[in-house]
Amino acid sequence: MHNINFSHTPVLLNEVINNLNIQPNGTYIDATVGGAGHAIEIAKKLINGKLFAFDKDPDAISFSKEKLSGYSVALINEDFANMEKFVNEKVDGVLMDLGVSSHQLDNAKRGFSYKKNGPLDMRMSKTGESAKQILNFKSAKEIANILKIYGEERFAFKIANEIVLRRTYKAIETTEDLANIIRGVVPFKFKRQKNPCKKTFQAIRIAVNNEFLNLKKGLNSAFNLLKPKGRLLVISFHSLEDKIVKNFYKDKATGCICSKNFPICVCKNVKKANILNKKPITPNDDEISKNNRAHSAKLRVLEKL
Ligand SMILES: C[S@@+](CC[C@H](N)C(=O)[O-])C[C@H]1O[C@@H](n2cnc3c(N)ncnc32)[C@H](O)[C@@H]1O
């Protein structure tokens, strides 16, 4: 077996497989292959079909290469924002299972988790600007904005100012350095409610990986690649991410919004898709009890007209 331990329990697996409506001869994209938990179940249902599987993390690709050997899968180590450059045919379905994998969170060396001490890295692709560079070189205002916008952290300015003060004595190097700064700043009564590090770590991770811009680009690319009746499935794990997906779906599913009194349409909105589930699909209690990562998952399904 491969030397990278990549255990990751796929979230909402049955719901994903049912809603993708897999045709044995169809073409599909798993935009976030991770530990290939969803991908292998999609691949098993294909006879003459094809699966393109993307991940920007080279570890996910090398693990999945082994797990998916024997299946008709093209593995691509790229950001899903660029998927149109790599897929030159229309597809029947796209899955995007957003965020980080358990492997990334559990591996202290990747620096994603406030529960494990490691270098402040957080780069899914292992390239570009790391969390350490952001925290040690950006201004207090820039850091505060990241924490406020991507983490909705109410103590954004206090935490950012403390980071900038501390780094004048010693660079912020590890996840523990950052976690200690946050714990020192957040008042006691807020620390009791939730782990005070959660929002800051989420915000820095989003900034490091440019997650929102790439999500918007990925949604557009995926939609462009869909055949008529093709489906786009997105699983999100926090409200800011879900809002981007929800708004994108709403935009595609909205037709003319002109007043009935107008003789002709001036808004030029054309309905391009149907939202198949008005409310997001969420995991049942059984799944949540077996896999804590699933507790905040929301699956939304869009079908192109
Ligand atoms: C939640 S995991 C996917 C787990 C997978 N569905 C499974 O069953 O094992 C998310 C994966 O998406 C990857 N990822 C996140 N954003 C990405 C992006 N913009 N482009 C490509 N891969 C991305 C991460 O590196 C991670 O491996």
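You'll find the structure just up there.
Residues numbered from 1 in each chain as written. Predicted model: local features only at pLDDT ≥ 70, side-chain atom pairs only at ≥ 80, totals over all residues. Heavy atoms only, no water.

This part takes up the sheet that holds strand S3 (residues 73-76). Strand order in the open sheet made by the seven strands is S3-S2-S1-S4-S5-S7-S6, with mixed pairing throughout. The two strands at the open ends of the sheet, each matched to only one other strand, are S3 and strand S6 (273-275). Direction aside, the axes of adjacent strands within the sheet are offset by 15 degrees on average. Here strand S1 (residues 27-30) runs beside strand S2 (residues 50-54); their pairing, made up of four bridges, is parallel. Residue pairing in the sheet places Ile 29 in a bridge with Phe 52 of S2. (Pairing = 2+ DSSP bridges. Helix = DSSP H or I, 4+ residues; strand = E, 2+ residues; numbered from the N terminus. Axes fitted to C-alpha atoms, helices over the stretch in contact; angles between N-to-C directions.)

Take the packing of aromatic side chains next. Across all of its chains, the model carries four aromatic pairs by this definition. When the centroid spacing of 6.2 Å and the interplanar angle of 80 degrees are considered together, the rings of Phe 54 and Phe 86 count as edge-to-face. Remark: Phe 86 occurs in helix H4 (residues 83-86) and Phe 54 occurs in strand S2; sequence separation between them is 32 residues. The partly exposed category is assigned to Phe 86, whose relative accessible area is 36%. Measuring from ring centre to ring centre gives 6.1 Å for Phe 223 and Phe 248, while their planes differ by 80 degrees; the resulting arrangement is edge-to-face. You can see Phe 223 sitting in helix H12 (residues 211-225) and its partner Phe 248 sitting in helix H13 (residues 239-253), a full 25 residues away along the chain. Phe 248 matches Phe 223 in its accessibility class, with the two residues each being buried. The ring of Phe 237 has Arg 293 sitting right over it, with the charged end atom 4.6 Å from the ring centre. Above the face of the Phe 223 ring, Lys 304 is positioned so that its terminal group lies 4.8 Å from the ring centre. (Phe/Tyr/Trp six-rings, centres within 6.5 Å; stacked < 30°, edge-to-face > 60°. Buried < 20%, exposed > 50% of the residue type's maximum accessible area, 1.4 Å probe, protein only. Lys NZ or Arg CZ within 6 Å of the ring centre and 35° of its normal.)

This paragraph deals with the site of the ligand. The immediate surroundings of the ligand are formed by 24 residues, with His 38, Asp 55, Phe 80, Asp 97 and Gln 104 found nearest. Interatomic distance of 3.3 Å between a backbone N/O atom of Ala 36 and an oxygen atom of the ligand. In the model, a nitrogen atom of the ligand is placed 2.8 Å from a nitrogen or oxygen of the Phe 80 main chain. Bound to the protein, the ligand loses 98% of the 610 Å² it would expose on its own. Across the shell around the ligand, the residue classes tally to eight nonpolar, nine polar and seven charged. (Near = heavy atom within 4 Å. Polar contact = N/O pair within 3.5 Å; in protein donor to acceptor, adjacent residues only side chain to side chain. Areas by Shrake-Rupley, 256 points an atom, 1.4 Å probe, with all protein chains shown as cover. Nonpolar A, V, L, I, M, F, W, Y, C, P; charged D, E, K, R; others polar.)

Here we take up the state of the cysteines. Per the counting criterion, the structure on display carries zero disulfides. The cysteine Cys 258 is free of any disulfide, with Cys 256 supplying the nearest cysteine sulfur at 3.7 Å. (Disulfide = S-S within 2.5 Å.)

The next thing to look at is the packing of helix H8 (residues 156-167) against helix H9 (residues 175-185). Close contact between H8 and H9 brings their axes to 10 Å; oriented N to C, the two are set at 130 degrees. One finds that H8 runs oblique with respect to H9. Note on packing geometry: the crossing formed by H8 with H9 is right-handed. Across from Lys 158, Ile 159, Glu 162, Ile 163 and Arg 166 in H8, the residues of H9 making contact are Leu 178, Ile 181, Ile 182 and Val 185. Split by residue class, the contact of H8 with H9 holds six nonpolar, no polar and three charged. (Parallel < 35°, antiparallel > 145°, perpendicular 65-115°, else oblique. Left-handed = near helix turned anticlockwise from the far one by under 90°. Contact = heavy atoms within 4.5 Å.)

A word on the pairing of strand S7 (residues 298-304). Counting buried positions along S7 yields six of seven residues, so the element is predominantly enclosed. Looking at chain direction, strand S5 (residues 226-236) and S7 are connected through six bridges and run antiparallel. Bridge pairing in S7 links Ser 236 to Lys 298. Summarising the sheet, S6 and S7 pair through three bridges and their orientation is antiparallel. Considered in S7, the bridge of Asn 274 is made with Glu 303.

Moving on: the environment of Ile 40. Turning to its location among the elements, Ile 40 is positioned in helix H2 (residues 37-44). Along the chain, Ile 40 and Glu 211 lie 171 residues apart, while their C-alpha atoms are 25 Å from each other. Beyond its immediate sequence surroundings of up to four residues, Ile 40 is in contact with Lys 67, Leu 68 and Tyr 71.

As far as function goes, none of this settles anything; it's purely spatial.
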